[in-house]
Amino acid sequence: MLTSKISKVSKVVICGGKGVGKTAILEQLIYGNVTIESEIHSTIEDTYVASVDTGKGSRDTLRIYDTAGLQGSVQLPRHYLTYPDAFILVYDPSDPSSLDMLGGIKSDIDKFKDKKEIFIIVIANMRSRQSRSAGSSPINSSQQQYQMNNDAIESNLTRANNWCARERIKHYTVNAMERASLYEPFVQLASRLYPPQTKSSFPQLRQLTQKTSKVDNS
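Quantities reported herein were computed from a predicted structural model and do not represent experimental measurements.

**Remarks on the overall build of the protein chain**
At step 1: Check the secondary structure of the protein chain and you find 5 helices and 6 strands.
At step 2: Reading the helices (α) and strands (β) of the protein chain from amino to carboxyl end gives β-α-β-β-β-α-β-α-β-α-α.
At step 3: Among the 218 residues that make up the protein chain, the fraction classed as buried is 37%.
At step 4: Restricting the contact set of the protein chain to residue pairs at least 6 apart, pairs at least 24 apart contribute 73%.

Now the structure itself:
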């Protein structure tokens, strides 16, 4: 008789402010079909299934729940806080308010996790970072604005790194337009959710223990 091994499917919620690129990240990661011209509609709620190769010889499955972008003082709905095994918090480093929002989300996760180990990673999506077009010669005011934008982004990235270090959360910088930049955070997350099974260094001792147990029960 043929049997199939039932594997665990880890549940992951991706959340953050409105317009930070959560859906673009997932679409690019799974399908690789997102470009600058792609039209991404605002998400109400959606589910993706990602099969991740962590280098262990098998592929691990993540069921990822894409959530609506948060604005202002709106909180992540409570039902998202009770069932996931992990959270991906996304922000836009050019928008400091999207980073500020993550502190409240993290507090809510801690409040509702109920002693369950929950993995959290933070992703800075650089897709909004402005760059000079090739061959352009901006005037001085444009150069100053460009430099100010870059300085603000670097400041927000530093602030995010410091916050993640305090909270002991992994922080990743990606670009939703560059698929290869998305692999590391999802591979690392899957590796934490699916740790390799440890085997005894003393198989003979294990066998002896099993035999002893059988004798005791006989």
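Here the narrative resumes.
**Description of the pairing of strand E3 (residues 59–67)**
At step 1: Relative to E3, strand E1 (residues 9–16) is paired through 6 bridges, and the arrangement is parallel. What sits directly across from Val 13, in E3, is Tyr 65.
At step 2: The pairing of strand E2 (residues 45–53) with E3 spans 9 bridges and is classified as antiparallel. Directly across from Ser 51, in E3, lies its bridge partner Thr 61.
At step 3: Where E2 folds back on E3, the antiparallel hairpin that results is connected by 5 residues, among which Gly 55 adopts a positive phi of roughly 85°.

**A short note on the sheet that holds E2**
At step 1: If you walk across this open sheet you meet the 6 strands as E2-E3-E1-E4-E5-E6, and the pairing is mixed. If you trace the sheet from one side to the other, it starts and ends with E2 and strand E6 (170–174), each paired once. Sheet twist, expressed as the mean angle between neighbouring strand axes with direction ignored, is 25°.
At step 2: One ladder, built from 6 bridges, connects strand E4 (residues 86–91) with strand E5 (residues 119–125); its direction is parallel.

**Some words on unusual backbone geometry**
At step 1: One non-glycine residue, Arg 168, adopts positive backbone phi at about 60°.
At step 2: Considering the arrangement of structural elements, one finds Arg 168 in the loop between helix H3 (140–167) and E6.
At step 3: Residue Arg 168 is classed as exposed on the basis of its relative accessible area of 80%.

**Details of the layout of surface pockets**
At step 1: Considering only enclosed or pocket space, the largest pocket measures out at about 360 Å³ in volume.
At step 2: Looking at the largest pocket, it is lined by 21 residues, and the ones nearest its centre are Gly 19, Val 20, Gly 21, Ile 40 and His 41.
At step 3: The set of elements that each furnish at least two residues to the lining of the largest pocket consists of helix H1 (22–31) and E3.
At step 4: For the lining of the largest pocket, the element with the highest residue contribution is H1, accounting for 3 residues.
At step 5: For the lining of the largest pocket, the class distribution of residues is 7 nonpolar, 10 polar and 4 charged.

**Digging into the nonpolar core**
At step 1: If you look at the biggest cluster of nonpolar residues, it comprises 28 residues, and the most contacted ones within it are Ile 64 and Ile 88.
At step 2: Mapped onto this core, the elements with two or more residues apiece are E1, H1, E2, E3, E4, E5, E6 and helix H4 (183–193).
At step 3: Excluding residues within four positions of it along the chain, Ile 88 makes contact with Val 12, Val 13, Ile 14, Cys 15, Ile 121, Ile 123, Phe 186 and Leu 189.
At step 4: Core analysis: the second largest hydrophobic core is formed by 26 residues, Leu 70, Val 122, Cys 164 and Ile 169 among them.

**A closer look at the pairing of E4**
Here is the key point about a regular strand: its side chains alternate between the two faces of the sheet.
At step 1: Most of E4 is tucked away: 6 of the 6 residues are buried.
At step 2: On E4, burial covers both faces: Ala 86, Ile 88 and Val 90 on one face and Phe 87, Leu 89 and Tyr 91 on the other are all buried.
At step 3: Two strands pair when backbone bridges link them, and E1 and E4 are joined in this way by 5 bridges, in the parallel orientation. If you follow Gly 16 over to E4, its bridge partner there is Val 90.
At step 4: Handedness of the β-α-β unit built from E4, helix H2 (residues 96–112) and E5 comes out right-handed.

**Let's talk about the packing of aromatic side chains**
At step 1: Inspection of every chain in the model, using the stated rule, returns 1 aromatic pair.
At step 2: Arranged with centres 5.3 Å apart and planes meeting at 75°, the rings of Tyr 65 and Tyr 83 form a pair that is edge-to-face. Here Tyr 83 lies in the loop between E3 and E4 and Tyr 65 lies in strand E3, a separation of 18 residues in the sequence.
At step 3: On the basis of relative accessible area, Tyr 83 is assigned to the partly exposed category, the value being 23%.

Reading guide: rules and limits
Residues numbered from 1 in each chain as written. Predicted model: local features only at pLDDT ≥ 70, side-chain atom pairs only at ≥ 80, totals over all residues. Heavy atoms only, no water. Helix = DSSP H or I, 4+ residues; strand = E, 2+ residues; numbered from the N terminus. Buried < 20%, exposed > 50% of the residue type's maximum accessible area, 1.4 Å probe, protein only. Contact = heavy atoms within 4.5 Å. Pairing = 2+ DSSP bridges. Axes fitted to C-alpha atoms, helices over the stretch in contact; angles between N-to-C directions. 1 Å grid on protein atoms, 1.4 Å probe; cavity = no way out; pocket = protein on both sides within 12 Å on 5 of 7 lines; lining within 4 Å. Points joined across faces, edges and corners; volume = space filled by probe spheres on them. Nonpolar A, V, L, I, M, F, W, Y, C, P; charged D, E, K, R; others polar. Core = buried A, V, L, I, M, F, W, Y, C linked by side-chain atoms within 4.5 Å. Right-handed = clockwise from strand over helix to strand, strands pointing away. Phe/Tyr/Trp six-rings, centres within 6.5 Å; stacked < 30°, edge-to-face > 60°.

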